[in-house]
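As a plain string of letters, each chain reads:
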Amino acid sequence: MINWATASDLDRVEEHRRSTEWVAHLWRSPEAKLLKLDDQSRFTTNAGGSKLRLVKPFVEYDPQRHRLLGLLDDAPIFAVEALTEGDVHDFREVAHQLTDNERDVAATAAAMINWHRSEPHCPRCGRATQVINGGFARFCPVCEQEHFPRTDPAVIVAIRDPDDRLLLGGNSKWGNRISVFAGFVEAGESLEQAVHREMAEEVDVQLTDVSYFGSQPWPMPRSLMLGFSARAIGAEISIDGEEIGYADWFTRDELTAKLEAGEIALPGRSSIASRMVQAWRDDELP
């Protein structure tokens, strides 16, 4: 089971990375490793996708292309968007197979590569910005402002009714896949306010007993998923039939039977949604 609750072994060396010379020295280290990502932020792996394929840097260090992710067991880890060969996978596909350390590297690399690709210009004046801080910031030479990677917070909520049934549903484009419900946090609201608003909008459910579950980076392209559990005041639900095409309450036995019959499918094991559903099935939701 994926666990994001413990400290990461990936040392992001914030106190040193502003020195281009220091980062370049790490690039030339015999222990340095490089993860290549393609133009869809998929990273190179072994044939089965269970291990990242890290290579030795072999070209001159380019501060505008090479991103220092951090130190892992004192080995410098870099990422670059480049032509890839062999097997490539995105975070969603293989994160559950990776080790904790490789998962941290993959999530950070995908998020950084996504950001640099999508926001190469200053949001204030439109001028092309320069990469600084080993890849963790960009600088506008006109505005003289530093810009940092953006993270979009989203709440994801496991809702139980008074009979302890779990509310699951999904977009009509998902086929038979169902999940717990999620939505982005809007400007000016707390996480808990976003939980209440999103669940009212998506399934017209009023909540009580909102409790924090855990979080997970989701670099598709730059989200942070913040998990909550909650109790529905009643069991009535209403959906719009467009964004949400299906929703219903499930007992544990009903969910198991429909899964075994192939009538429904659950989120992939890399997701926090999968963890939340499993926690409910194990009677371990807060």
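Definitions and limits used
- Residues numbered from 1 in each chain as written.
- Predicted model: local features only at pLDDT ≥ 70, side-chain atom pairs only at ≥ 80, totals over all residues.
- Heavy atoms only, no water.
- Buried < 20%, exposed > 50% of the residue type's maximum accessible area, 1.4 Å probe, protein only.
- Helix = DSSP H or I, 4+ residues; strand = E, 2+ residues; numbered from the N terminus.
- Pairing = 2+ DSSP bridges.
- Axes fitted to C-alpha atoms, helices over the stretch in contact; angles between N-to-C directions.
- Contact = heavy atoms within 4.5 Å.
- Salt bridge = Lys/Arg side-chain N within 4 Å of Asp/Glu carboxyl O.
- 1 Å grid on protein atoms, 1.4 Å probe; cavity = no way out; pocket = protein on both sides within 12 Å on 5 of 7 lines; lining within 4 Å.
- Points joined across faces, edges and corners; volume = space filled by probe spheres on them.
- Nonpolar A, V, L, I, M, F, W, Y, C, P; charged D, E, K, R; others polar.
- Expected span 1.5 Å × (residues − 1).

1. Details of the pairing of strand β4 (residues 67–72)
Of all six residues in β4, six are buried; the element is thus mostly enclosed. Bridge count for β4 against strand β5 (residues 75–81) is five bridges, and the pairing is antiparallel. Considered in β5, the bridge of L68 is made with F78.

2. Quick look at the sheet that holds strand β9 (residues 145–147)
In space, the three strands of this open sheet follow the order β7-β8-β9, with antiparallel pairing throughout. Sheet topology places β7 (130–132) and β9 at the edges, where each strand pairs with a single neighbour. Mean inter-strand twist for the sheet, computed between neighbouring axes without regard to direction, equals 35 degrees. Sheet topology places β7 next to strand β8 (residues 137–140); three bridges connect them, and they run antiparallel. Opposite I132, over in β8, you have A137 as the bridge partner. Helix α3 (residues 100–118) rests against β7, β8 and β9 of the sheet, and its axis sits at about 20 degrees to β8.

3. What to know about the pattern of salt bridges
Summed over the entire model, instances satisfying the criterion amount to 19 salt bridges. As a salt-bridge pair, E119 and R222 come within 2.5 Å of each other at their nearest N and O atoms. Placement of E119 in the loop between α3 and β7 and of R222 in the loop between β13 (207–218) and β14 (223–232) is noted, with a sequence separation of 103 residues between them. The salt bridge involving D164 is made with R231; its shortest N-O contact spans 3.3 Å. One end of the pair, D164, is in the loop between β10 (152–160) and β11 (166–170); the other, R231, is in strand β14, with 67 residues separating them in the sequence. Residue R231 is classed as partly exposed on the basis of its relative accessible area, which comes to 27%.

4. Remarks on the layout of surface pockets
If a probe the size of a water molecule is rolled over the atoms, the empty space left behind becomes visible. Size it by volume and the largest pocket reaches roughly 760 Å³. If you go around the largest pocket, you meet 30 residues; those closest to its centre are W174, R177, A182, W218 and M225. Counting residues per element, the ones that place at least two in the lining of the largest pocket are β10, β11, β12 (181–184), β14 and α6 (272–281). Among the elements that line the lining of the largest pocket, the one with the most residues is β12, at four residues. Of the residues that constitute the lining of the largest pocket, the class distribution is 15 nonpolar, nine polar and six charged. Space inside the second largest pocket adds up to approximately 510 Å³.

5. Details of α3
An ideal rise of 1.5 Å per residue puts 27 Å on 19 residues; α3 measures up with 27 Å between its terminal C-alpha atoms. The element α3 is largely enclosed, with a buried count of 14 among its 19 residues.

6. Regarding the side chain of D152
Along the chain, the position of D152 falls in strand β10. Setting aside residues up to four positions removed in sequence, D152 forms contacts with F184, R222, S223 and L224.

Note that all results are geometric; they support no functional claim without further evidence.
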